There are 2 protein chains.
Amino acid sequence: MPELRGEVSLRMRRLSAAMQGAGMEAMLIASNANLYYASGRMFRGYVYVTADGKVIYFVVRPADFEPDPDMVVIRKPELIPAELERLGLPMPANVGLELDVLSYSDTERLRKVFGTSEMRNASPLLRQCRQVKTEREISMMREDGVHQMEVYRKIDQLYKRDMTDVEFQIAIEQLLRKEGNLGFLRVSGPLMEINLGSVIAGPNADAPGPYEFAMGGAGVSPALPCGACGEIMRVGEAVMVDVNGCFNGYQTDMTRVWSIGRLPDLAYKAHECSRRILRRLEKEALPGVEVGELYRMAEAIVAEEGLEAYFMGHRQHAPFIGHGVGIELNETPPVTGRCRDLLKEGMTLALEPKFVLPGVGAVGVENTYVVRPSGLENLTPAPEEISDLL
Amino acid sequence: MPELRGEVSLRMRRLSAAMQGAGMEAMLIASNANLYYASGRMFRGYVYVTADGKVIYFVVRPADFEPDPDMVVIRKPELIPAELERLGLPMPANVGLELDVLSYSDTERLRKVFGTSEMRNASPLLRQCRQVKTEREISMMREDGVHQMEVYRKIDQLYKRDMTDVEFQIAIEQLLRKEGNLGFLRVSGPLMEINLGSVIAGPNADAPGPYEFAMGGAGVSPALPCGACGEIMRVGEAVMVDVNGCFNGYQTDMTRVWSIGRLPDLAYKAHECSRRILRRLEKEALPGVEVGELYRMAEAIVAEEGLEAYFMGHRQHAPFIGHGVGIELNETPPVTGRCRDLLKEGMTLALEPKFVLPGVGAVGVENTYVVRPSGLENLTPAPEEISDLL
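Parameters and conventions
- Residues numbered from 1 in each chain as written.
- Chains lettered and ligands numbered in written order.
- Predicted model: local features only at pLDDT ≥ 70, side-chain atom pairs only at ≥ 80, totals over all residues.
- Heavy atoms only, no water.
- Axes fitted to C-alpha atoms, helices over the stretch in contact; angles between N-to-C directions.
- Helix = DSSP H or I, 4+ residues; strand = E, 2+ residues; numbered from the N terminus.
- Parallel < 35°, antiparallel > 145°, perpendicular 65-115°, else oblique.
- Left-handed = near helix turned anticlockwise from the far one by under 90°.
- Contact = heavy atoms within 4.5 Å.
- Buried < 20%, exposed > 50% of the residue type's maximum accessible area, 1.4 Å probe, protein only.
- Pairing = 2+ DSSP bridges.
- Nonpolar A, V, L, I, M, F, W, Y, C, P; charged D, E, K, R; others polar.
- Expected span 1.5 Å × (residues − 1).
- Polar contact = N/O pair within 3.5 Å; in protein donor to acceptor, adjacent residues only side chain to side chain.
- Phe/Tyr/Trp six-rings, centres within 6.5 Å; stacked < 30°, edge-to-face > 60°.
- Lys NZ or Arg CZ within 6 Å of the ring centre and 35° of its normal.
- pLDDT = per-residue confidence, 0-100.

In helix packing, the relevant descriptors are the interaxial angle and the interaxial distance, both defined with respect to the helix axes. All names here are of chain A. Contact pair helix α2 (residues 32-39) / helix α5 (residues 123-131): the axes reach a minimum separation of 12 Å and the direction vectors enclose 50°. With respect to their mutual orientation, α2 and α5 come out oblique. Two packed elements cross with a definite hand, and for α2 against α5 that hand is left-handed. Between α2 and α5, the residues in contact are Ala 33, Asn 34 and Tyr 37 and Leu 126, Cys 129 and Arg 130, respectively.

Below you can see the structure in the form of structure tokens.
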């Protein structure tokens, strides 16, 4: 795949440049999400990258991987030093490992492989590099958005009177999968566990949960307390749909709201406030702007409309209105008031200013955006109004 | 939930006893699967357990967790020492952390919380404790099995001529979800990534993959190279269904095979060989038997029938015929030839002697069992014959 080779070498050149800036001589990538980033496909193994631009793919499985001049099949990581020597590469003075991702035991094993090389944390550098997508990555996310919007367009047709939220979610999942959704997504860290997505209706939106999602939901089992809870969706309830957008290893993150009949006026007001926030951020989120500023702009609009009590939750509040998104659902930067990162061209952000209204449910819109020189490009430009299912 | 309280205190008493045996004074549980084990529900936080039987639940989220005398709401783990002091508990001389599961960074953070306490690896002890299920855990797995069998019973009805393997899988997923499947399962470690399961038909069974599953499959995306590949299922192909059995946080693991029309005789011979292996192991897998012995018995039967070339793969071979199963799909012990663990009453094992026949596909049966004094109890006792979909 020559096109893919050019793409991954672009990514690795960017990574090498970042390593030079950070004084990191070499890095050994070992986690699934970063292996996919570094190669464009999942394999079991390691990618060794140096600050001066060497990239070696050490493949454990599958053993009959397509032959490639940069690939070395190895049985275990302990064989890496001998292979580096064979390739004429010196042991590095320091080596970056993904300390925020690899288990302590796996890290210690890899640290020993590099003997006296000083161990550094490669995770922050990799997160920063992955924040800014290449045009090919953006086009994969745009493709995700097209499929995800196509599913959302058909959601209206799935509703039947007296359906439970779980039944509604199962019908949406079926649409997603038929549209090519992989039925899987990668998340970073242990603070998110979910099935194909979150469908929360009515009072369930107010159930506090253990996870770092913007919204909670009680779920149907104490083993997975999030999302739909199995209750019948009743007249006067808002139904928030925030489901899996992974069709190719990247993903868009998108939320829309439906209603069962007419909602209280406050729900429409809060929903329109969410849209107003998005319209504002679409213009103001320019390269160079501090991420925290987006959060503060949103807060100011919410305060103007007097909706603070409902913003990003009611019984339990999420401290962010968005997050990076790409290979993983929860990439950096988090869009919190405290985030000092500056927006860069090519960053992809999911923005999701949402409100929970007691007894009614959750409202608000989420889109996935790319930071462009003149503002945000929306990868999920589908109708945003609350649509009535009745 | 008084019943659940009794259950988790039984589990924690067993854990404390194991800690005494290992000279581990205290343990701080922080990973999702072990938090669920230690509490019977998912929350964000920590469980502090001592060898002399104290158990403290430190809860970060949800903040309005049901009040409980053993629970302490904390904002961050750095507050644990002060809480222990308040409770009159001394800092331990050594503390076990889940080094095989927690990231290096999270581990270092928790290590600092315990200051001068010597850090030990809690993962092996927890794995051993979790191997032997309580009767309540077994009853949850039995419930999983009932639901999973009910889904498998209906699979025949889903087939339509010229269906792709992905379409067949999506139809099975729908059945699973309607039967109450959580649409999610926990796996241990990074070597397994999958959606709702594996449906592999025909030559796709021979596609080598990067993961540690018994069978591979090419998948539909380089981002998730496993399972169904999108090909039409053709006459003469075997279709192996090995899908998610998680209905309550525990799971059964179960495989059955269907055919599109008549298969070559070799396929039925290999399938019957798998069943013969299971019948033998059901009798021989008694408490006290070495796990590796199960593998060797299977190998001997395969050799007797001259099926070595196809056993556990053809182009790529899996080195095991089964594994522990429970909260996670891939628990210990692995049923490999090298495993020296001894079977214990109450252990739960998925046994899956399988064969890959080039051009035909994968055959073989997988059941989930409990080790009982007189042999294995089958939690998935459903018909095992290859059933024709045409």
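Now that the structure has been shown, the text picks up again.
Turning next to the pairing of strand β15 (residues 367-372) of chain B. Residues and elements named next belong to chain B. Here β15 lies mainly inside the structure; six of its six residues are buried. Here β15 shows a buried face lined by Asn 367, Tyr 369 and Val 371 and a second buried face lined by Thr 368, Val 370 and Arg 372. Relative to β15, strand β12 (residues 348-351) runs antiparallel, the two sharing four bridges. Its bridge partner lying in β15, Leu 351 is registered against Asn 367.

Attention now goes to the packing of helix α8 (residues 265-284) of chain B against helix α9 (residues 291-304) of chain B. Residue and element names in this part refer to chain B. Viewed as axis vectors pointing N to C, α8 and α9 meet at an angle of 145°, and their least axial separation amounts to 10 Å. Crossing of α8 over α9 shows right-handed handedness. Between α8, through Cys 273, Arg 276, Ile 277, Arg 280, Leu 281 and Glu 284, and α9, the contact on the second element is made entirely by Leu 294, Met 297, Ala 298, Ile 301, Val 302 and Glu 304. Taken together, the residues of the contact of α8 with α9 sort by class into eight nonpolar, no polar and four charged.

Here we come to the sheet that holds strand β11 (residues 331-336) of chain A. Residue and element names in this part refer to chain A. In space, the five strands of this open sheet follow the order β11-β10-β12-β15-β16, with antiparallel pairing throughout. Each having just a single partner strand, β11 and β16 (375-378) make up the two edges of the open sheet. Each strand axis lies, on average, 30° off the axis of its neighbour in the sheet, ignoring direction. Pairing of strand β10 (residues 320-324) with strand β12 (residues 348-351), which is carried by three bridges, proceeds in the antiparallel orientation. Opposite His 323, over in β12, you have Ala 350 as the bridge partner. Lying on the sheet, helix α8 (residues 265-284) is in contact with β10, β12, β15 (367-372) and β16; it crosses β15 at an angle near 20°.

The next subject is α8 of chain A. Three or four residues apart is the spacing at which side chains of an α-helix point the same way, because the helix has 3.6 residues per turn. Under the 1.5 Å per step criterion, the end-to-end length of α8 of chain A is 29 Å for 20 residues, consistent within 8% with the ideal 28 Å. Among all positions of α8 of chain A, only Ala 267, Ala 270, His 271, Cys 273, Ser 274, Arg 275, Ile 277, Leu 278, Leu 281 and Glu 282 of chain A are buried.

Quick look at the environment of Gln 148 of chain B now. Residue and element names in this part refer to chain B. Along the chain, Gln 148 falls in helix α6 (residues 135-153). Among the residues examined, Gln 148 registers a relative accessible area of 0% and is labelled buried. When the C-alpha positions of Gln 148 and Gly 245 are compared, they lie 5.7 Å apart, and in sequence the two are 97 residues distant. Sequence-distant contacts of Gln 148, that is, excluding residues within four places in its chain, are made with Val 243, Asn 244, Gly 245, Phe 247, Thr 252, Asp 253, Met 254 and Thr 380. A polar side-chain atom of Gln 148 sits 2.8 Å from the main-chain carbonyl oxygen of Val 243.

To continue, consider the packing of aromatic side chains. Summed over the entire model, instances satisfying the criterion amount to 15 aromatic pairs over all chains. Ring geometry for Tyr 211 of chain B against Phe 213 of chain B: centres 5.9 Å apart, planes inclined by 65°, an arrangement best described as edge-to-face. The residues Tyr 211 of chain B and Phe 213 of chain B share a single accessibility class, namely buried. Sitting over the face of the ring of Tyr 36 of chain A, Arg 186 of chain A holds its NZ or CZ atom 5.7 Å from the ring centroid.

In this section: unusual backbone geometry. Look at the link from Arg 61 of chain A to Pro 62 of chain A: it is a cis peptide, with omega at -5°. Within the fold, Pro 62 of chain A resides in the loop between β3 (55-61) and β4 (71-73). Geometrically, the link from Thr 332 of chain B to Pro 333 of chain B is a cis peptide bond, its omega value of 0° lying close to zero. Considering the arrangement of structural elements, one finds Pro 333 of chain B in strand β11 (residues 331-334). One non-glycine residue, Asp 162 of chain A, lies in the positive phi region at around 65°.

On to the pairing of β10 of chain A. Residues and elements named next belong to chain A. Along β10, five of the five residues are buried, which leaves the element largely enclosed by surrounding structure. Here three bridges tie β10 to β11, and the two strands are oriented antiparallel to one another. Bridge pairing in β11 places Phe 320 opposite Thr 336. Counted along the chain from β10 to the antiparallel partner β11, the turn is six residues long.

In this model, chain A carries a mean pLDDT of 96, and residues with pLDDT of at least 70 account for 98%. Interface predicted TM-score (ipTM) for the complex: 0.97; the corresponding pTM is 0.97.

With that settled, the discussion passes to the sheet that holds β3 of chain A. All names here are of chain A. Within the open sheet, the six strands sit side by side as β4-β3-β2-β1-β5-β6. Their pairing is mixed. Of all strands in the sheet, those bounded by a partner on one side alone are β4 and β6 (118-121). Put simply, the sheet's adjacent strands are angled 25° from each other on average, direction ignored. Along the sheet face, helix α4 (residues 104-113) touches β1 (26-29), β2 (44-50), β5 (94-97) and β6 and points at about 160° away from the line of β5. Across the face of the sheet, α5 comes into contact with β1, β5 and β6 while running at roughly 80° to β1.

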